[in-house]
Amino acid sequence: MDVAFYKLKVDWSKPNEKGRFTRERVNARECEERDFAASPREAQIYKRWIGFSLICPDLEDSDDFFIQGDASSVVTQSLEFSIQRCNATVQK
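Now for a look at the structure at hand. Predicted model only: the values in this text are computed from it and were never measured.

**So, a nonpolar patch on the surface**
Part 1 of the reasoning: Among the surface-exposed residues, M1, I55, F81 and I83 lie close enough to one another that they form a single nonpolar patch of about 440 Å² accessible area.
Part 2 of the reasoning: Positionally, M1 belongs in the segment before β1 (2-11).

Written as structure tokens, this is what we have:
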């Protein structure tokens, strides 16, 4: 199985055929407590999920990708979660 995230960006100021839409793969990894533990309450919520698989995007700290944005911006950003299963009967 292939598990990944995709960063989707739409720049509404560009014509449709000139790169308005971009899609970039981001590898997935198992979440760690540091991904959630911004406060003691968030750390407590994370610990409730021990024993389950939590999947996080493997983003760099310097990444400029923000889901929460400015309503007046012409750039829309979203994150897509993808799970793909290999089909051994199909050859490329």
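After that view of the structure, there is still more to cover.
**Considerations on the sheet that holds β1**
Part 1 of the reasoning: Reading across from one edge, β3-β2-β1-β4 is the order of the four strands in this open sheet, with antiparallel pairing throughout. Looking at the sheet topology across the chains shown, the edges are occupied by β3 (55-57) and β4 (75-84). Each adjacent strand pair in this sheet contributes to an overall mean axis angle of 30°, direction not counted.
Part 2 of the reasoning: Where strand β2 (residues 21-30) lies against β3, three bridges are found, and the strand directions are antiparallel.

**So, the side chain of D11**
Part 1 of the reasoning: Among the secondary structure elements, D11 is positioned in strand β1.
Part 2 of the reasoning: An unpaired buried charge is present at D11: no salt bridge exists, and K14, the closest side chain of opposite charge, is 4.2 Å distant.
Part 3 of the reasoning: At 2.6 Å, the side chain of D11 and the side chain of S13 are in polar contact.
Part 4 of the reasoning: Not counting residues up to four positions away in its chain, the partners in contact with D11 are R20, V74 and V75.

Rules behind the numbers
- Residues numbered from 1 in each chain as written.
- Predicted model: local features only at pLDDT ≥ 70, side-chain atom pairs only at ≥ 80, totals over all residues.
- Heavy atoms only, no water.
- Patch = residues over 30% accessible without salt bridge, like charges linked within 9 Å, V, L, I, M, F, W, Y side chains within 5 Å.
- Areas by Shrake-Rupley, 256 points an atom, 1.4 Å probe, with all protein chains shown as cover.
- Salt bridge = Lys/Arg side-chain N within 4 Å of Asp/Glu carboxyl O.
- Helix = DSSP H or I, 4+ residues; strand = E, 2+ residues; numbered from the N terminus.
- Pairing = 2+ DSSP bridges.
- Axes fitted to C-alpha atoms, helices over the stretch in contact; angles between N-to-C directions.
- Buried < 20%, exposed > 50% of the residue type's maximum accessible area, 1.4 Å probe, protein only.
- Lys, Arg positive; Asp, Glu negative; His and termini not counted.
- Polar contact = N/O pair within 3.5 Å; in protein donor to acceptor, adjacent residues only side chain to side chain.
- Contact = heavy atoms within 4.5 Å.

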